[in-house]
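Structural overview for review
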Amino acid sequence: MTASVHAAHLAQLNVATLLHPLDDSRMPPFVEMLDPVNTAADGAPGFVWRLVEDGGADATALRPAGEHVIVNLTVWETQEALWDFTYRSGHLEVLRRRREWFERHVEAHLVLWWIPAGHLPTVGEALERLADLRANGPSPRAFTFASSYTADEAPQHLRAAPQGQP
């Protein structure tokens, strides 16, 4: 985790439902992009942290949202840093080709929320924020790029999950 001068960081979760298992003959183009994209994220300005499987290089083997659903959980210093990485880096190629590998989601598949700097969100916390967005729409507690809120607009939501909760 990188050091930061920001009091709040932006957490991000996105989920993607695989069209095929990762070891399927149609998936190598996606799998081959994982390491370069993750390495680029790790070195991107404003990057703080990303979820990885214990002993792994990524989180693709973790399936907390379903057997065919992969998750990406990251923390960034600012929304602008996340935006720049997502849409102004090699990550954009993965986005452009996502329909080759993932189902089109009918409901929200990306959620953003503010956390105290230094807090690392759990997968349970992230999935709860996504469920909140799906159930209630965008709010300072759970939002998207298109309906964003600043950390100043979310002070009552700017707290870590209580100890012992997923």
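Okay, so let's go over this structure.

Each value, and the rule that gives it
Residues numbered from 1 in each chain as written. Predicted model: local features only at pLDDT ≥ 70, side-chain atom pairs only at ≥ 80, totals over all residues. Heavy atoms only, no water. Pairing = 2+ DSSP bridges. Helix = DSSP H or I, 4+ residues; strand = E, 2+ residues; numbered from the N terminus. Axes fitted to C-alpha atoms, helices over the stretch in contact; angles between N-to-C directions. Contact = heavy atoms within 4.5 Å. Buried < 20%, exposed > 50% of the residue type's maximum accessible area, 1.4 Å probe, protein only.

1. A short note on the sheet that holds strand E3 (residues 69-76)
Strand order in the open sheet formed by 4 strands is E2-E3-E1-E4, and the pairing between neighbours is antiparallel. Bordering the open sheet on either side are strand E2 (47-50) and strand E4 (110-116), each of which pairs with just one other strand. Across the sheet, the mean angle separating the axes of adjacent strands is 25 degrees when strand polarity is ignored. Across the sheet, helix H4 (residues 123-136) lies against strand E1 (8-17), E3 and E4, angled at about 125 degrees from E4, the strand it touches most.

2. Details of the pairing of E1
Judged by how many residues are buried, E1 sits mostly within the fold: 9 of 10 residues are covered. Where E1 and E4 come together, 7 bridges link them in antiparallel fashion. Across the sheet, Ala8 pairs through a bridge with Pro116, a residue of E4. In the sheet, E1 pairs with E3 via 8 bridges, with the strands oriented antiparallel. Across the sheet, Leu10 pairs through a bridge with Trp76, a residue of E3.

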